[in-house]
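Descriptive structure summary
So you can see what is in the structure, the chains are spelled out below.
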Amino acid sequence: GLGCVNPKNIELESIDWVCERIEQCHNLIGADRLLLNPDCGFATFADNPVSSAQIAAKKLTLLKAAALRMQEKYL
């Protein structure tokens, strides 16, 4: 799984940045071995809470949009 968004950062990554990460990984391992996910998930860390539910939803929506963009490129 490729960690495409940082759940501990409240700033939203750009779709272009996420797509660049996907592209780099795609070129290394291929689409059939590539899974997209948030970096370490959105679970709570005891010493440093992750983003709010609203930020997490936005990041997951961004991840989906990037996946769809890359899917269109490679299909």
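Before any of the text, the structure's been laid out above.
With that settled, consider the environment of leucine 35. Position of leucine 35 among the secondary structure elements: in the loop between α1 (15-29) and β2 (36-37). Overall, the relative accessible area of 58% leaves leucine 35 in the exposed class. Distance in space between the C-alpha atoms of leucine 35 and glutamine 71 is 12 Å, their sequence separation being 36 residues. Once residues lying within four places of it in the same chain are set aside, the contact partners of leucine 35 are Gly1 and Leu2.

Moving on, we come to the side chain of histidine 26. Here histidine 26 is to be found in helix α1. When near neighbours in sequence (up to four residues on either side) are disregarded, histidine 26 contacts Ala31, Leu34 and Tyr74.

The subject of this paragraph is the nonpolar core. Membership of the largest hydrophobic core is limited to twelve residues, which are Leu2, Cys4, Val5, Val18, Cys19, Ile22, Cys25, Leu34, Leu62, Leu63, Ala66 and Met70. Of all elements in the fold, only α1 and α2 (53-74) reach the threshold of two or more residues within this core.

Picture a little ball the size of a water molecule; that probe, rolled over the atoms, points out where space is still empty. The computed volume of the largest pocket comes to approximately 220 Å³. Lining of the largest pocket is provided by Ile22, His26, Ala31, Leu34, Leu35, Leu36, Ala67, Leu68, Met70, Gln71 and Tyr74. Among the elements of the structure, α1 and α2 are those that each provide at least two residues to the lining of the largest pocket. Tallying contributions element by element places α2 first for the lining of the largest pocket, with five residues. Here the residues of the lining of the largest pocket sort into nine nonpolar, two polar and no charged.

Calculation rules
- Residues numbered from 1 in each chain as written.
- Predicted model: local features only at pLDDT ≥ 70, side-chain atom pairs only at ≥ 80, totals over all residues.
- Heavy atoms only, no water.
- Helix = DSSP H or I, 4+ residues; strand = E, 2+ residues; numbered from the N terminus.
- Buried < 20%, exposed > 50% of the residue type's maximum accessible area, 1.4 Å probe, protein only.
- Contact = heavy atoms within 4.5 Å.
- Core = buried A, V, L, I, M, F, W, Y, C linked by side-chain atoms within 4.5 Å.
- 1 Å grid on protein atoms, 1.4 Å probe; cavity = no way out; pocket = protein on both sides within 12 Å on 5 of 7 lines; lining within 4 Å.
- Points joined across faces, edges and corners; volume = space filled by probe spheres on them.
- Nonpolar A, V, L, I, M, F, W, Y, C, P; charged D, E, K, R; others polar.

Everything listed here is a matter of geometry and, on its own, says nothing about what the molecule does.
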